[in-house]
Amino acid sequence: MWDILETYWVQLLIGYYPDGPLGGLAMTLILAFAGLLLAMPAGLTVCLGLLSPWRPLARLVELFVFYMRSVPLIVHLLWVYFLLPLAIKGAPLWLVVLVVMTLFNGAYLSQTIRAGIEALPRGQYEAARSLGLSHGRAMRHVILPQALRNMLPSIVSQFVLLIKETALGSVIGLHELTLEFMGLNDTLGDKAIPIFTLLGIAYFVLCYPLTLLGRHVERRFAGPSRGTPASGAQAPTA
Amino acid sequence: MSEKPKSIEFQGVSKRFGDNPVLKNISIDFHQGEVVVICGPSGSGKSTLLRTITRLESIDSGRILVEGREPGHSAREVNAMRQRVGFVFQSFNLFPHLTVMDNICLAPRRLLRLSDQEARERAMALLTRVGLASKADASPSQLSGGQQQRVAIARTLAMQPPIILFDEPTSALDPEMVGEVLAVMRQLADEGMTMLCVTHEMGFAREVADRIVFMADGQIVEDAMPEQFFTATRSARAKAFLSEVRHA
């Protein structure tokens, strides 16, 4: 099994670059990183839209999120695969996948971020507004910093999901890690089991350390940043 | 006292939560420099009364004037009004992700456009006033409840509001910490701050308040100077309340 890796490691790492498109592990990682980089602001924007005091906007954004969450990722991919080239001539495959991942994960992240915001005690927002800070400033300086800090473990696990999602790019022909291995399978014929075992190991090696990171972050932030005093306060009455 | 300009006026204010009427046609005026204690049994509407002033709760009818004007409904006007009317919460509500210093400096820097230097100087002066100068770089989670509430008061004072509302500021504190917070409030009262305090601390009411407003069932039942309220209580309801508080 490992001899396959020895022979084909270049292709698996970077596809046919520079003689062809970039592919393999490099493509998977770049796509996952780019996806996360774009999905975070997308998720934040969607979330702020959801929480907007202007009802029509909030409704519209709700519909968007509902749609993204009701349709399987592969269907989103197929849809954008056919749609994007109409808007952008000659849109490359990686762009199709990036757009879908940004919107899809943006929708899911918005729920995570909203959960983080709503988990904060209402008094935080009230105190910020009571000082005269606007809604926007209260969110920016008081609410979001706390919510994002609390949501860090969920965000890390979202990144793990992103890495796994890139595998679906193979369905539309994107040369990421899974497609490279599938190509290898066609080339070598009878070595399916070792090939796909290696593929499994590859994703495991990518994702497991991140999962561990997520746990570590979770433990670190489960600590005293909760605002409860060291002593001298009881639960509020009246 | 009635010569002084009016800070806050309630004109026929009513509010209900669902089917439950919580404020019933309240009309009352508060004057500049007055220290008013608002007391009464749970559910009497006293916290709600305070919260409607700064629009933390809406009202169903009537008007509330702040410094002679009814603030409009635009965010800008509401925010401007809130800069003039400080609010101290029962649960302190310090921002846990910021140090004590940053908690106090946040609003002055963003809203009053104070420079970093100016904001820090103001904050240190306030921390010294409330006796917590050494805690400037601490995080709220490292402070006791009494210390947190004093920081919360300093944070409110940083905006230099002419009026401060206190919503049961000591109710969430262990008894031994109540005194330090009341001391700060007394200091403010002596300096002429306009204060409306919802509290159960009758000792504070007796010694510091200019006026005591007793509420029950969403209405103002009694409104008198402390001496009269405690020794010549008029209403049966207030009498019952006082006897319970004394024997608590």
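Rules used in this analysis
Residues numbered from 1 in each chain as written. Chains lettered and ligands numbered in written order. Predicted model: local features only at pLDDT ≥ 70, side-chain atom pairs only at ≥ 80, totals over all residues. Heavy atoms only, no water. Helix = DSSP H or I, 4+ residues; strand = E, 2+ residues; numbered from the N terminus. Buried < 20%, exposed > 50% of the residue type's maximum accessible area, 1.4 Å probe, protein only. Contact = heavy atoms within 4.5 Å. Areas by Shrake-Rupley, 256 points an atom, 1.4 Å probe, with all protein chains shown as cover. Lys, Arg positive; Asp, Glu negative; His and termini not counted. Charge placed at Lys NZ, Arg CZ, Asp CG, Glu CD. Pairing = 2+ DSSP bridges. Phe/Tyr/Trp six-rings, centres within 6.5 Å; stacked < 30°, edge-to-face > 60°. pLDDT = per-residue confidence, 0-100.

## Digging into the overall build of chain B
What chain B contains, in helices and strands, is nine helices and nine strands. For chain B, the spread of C-alpha atoms along the three principal axes comes to 55 × 45 × 40 Å. Looking at the 248 residues of chain B, the share that counts as buried comes to 58%. For chain B, the proportion of contacts with a sequence separation of at least 24, taken over those separated by at least 6, is 66%. Accessible surface computed for chain B: about 10,300 Å², of which carbon and sulfur atoms make up 46%. Computed over 29 positive and 30 negative side-chain charges, the inter-centroid distance for chain B is 4 Å.

## Considerations on the pairing of strand β8 (residues 211–216) of chain B
Residues and elements named next belong to chain B. With respect to burial, β8 is a largely interior element, six of its six residues being buried. Of the two faces of β8, both are covered, the one formed by R211, V213 and M215 as well as the one formed by I212, F214 and A216. Bridge analysis of strand β3 (residues 35–39) against β8 gives four bridges, and the strand direction is parallel. Considered in β8, the bridge of V37 is made with I212. Looking at chain direction, β8 and strand β9 (residues 219–224) are connected through five bridges and run antiparallel. Residue pairing for β9: F214 is matched across the bridge by E222. Here β8 folds back onto β9 in antiparallel fashion, the turn holding two residues, of which D217 has a positive phi close to 50°.

## Digging into the packing of aromatic side chains
Tallied over the full model, the rule gives eight aromatic pairs over all chains. Summarising the aromatic geometry, the rings of A:F104 and A:Y108 are spaced 5.0 Å apart at their centres and angled 50° between planes, so their arrangement reads as tilted. Here A:F104 pairs with A:Y108, and both are found in helix α5 (residues 93–118), just four residues apart, close to one helical turn. Under the relative-accessibility criterion, A:Y108 is labelled partly exposed at 29%. Relative to B:F241, the ring of B:F214 has its centre 5.2 Å away and its plane inclined at 50°; by these criteria the two rings are tilted. With B:F214 in strand β8 and B:F241 in helix α9 (residues 236–247), the pair connects residues that are 27 residues apart, well separated along the chain. Both residues of the pair, B:F214 and B:F241, count as buried. Taken together through their ring pairs, the aromatic side chains of B:F214, B:F229, B:F230 and B:F241 make up a single cluster.

## With respect to the confidence of the model for chain B
Chain-level statistics for chain B give a pLDDT mean of 93 and a share of 98% at 70 or above. Overall fold confidence for the complex sits at a pTM of 0.81, while the interface term, ipTM, reaches 0.93.

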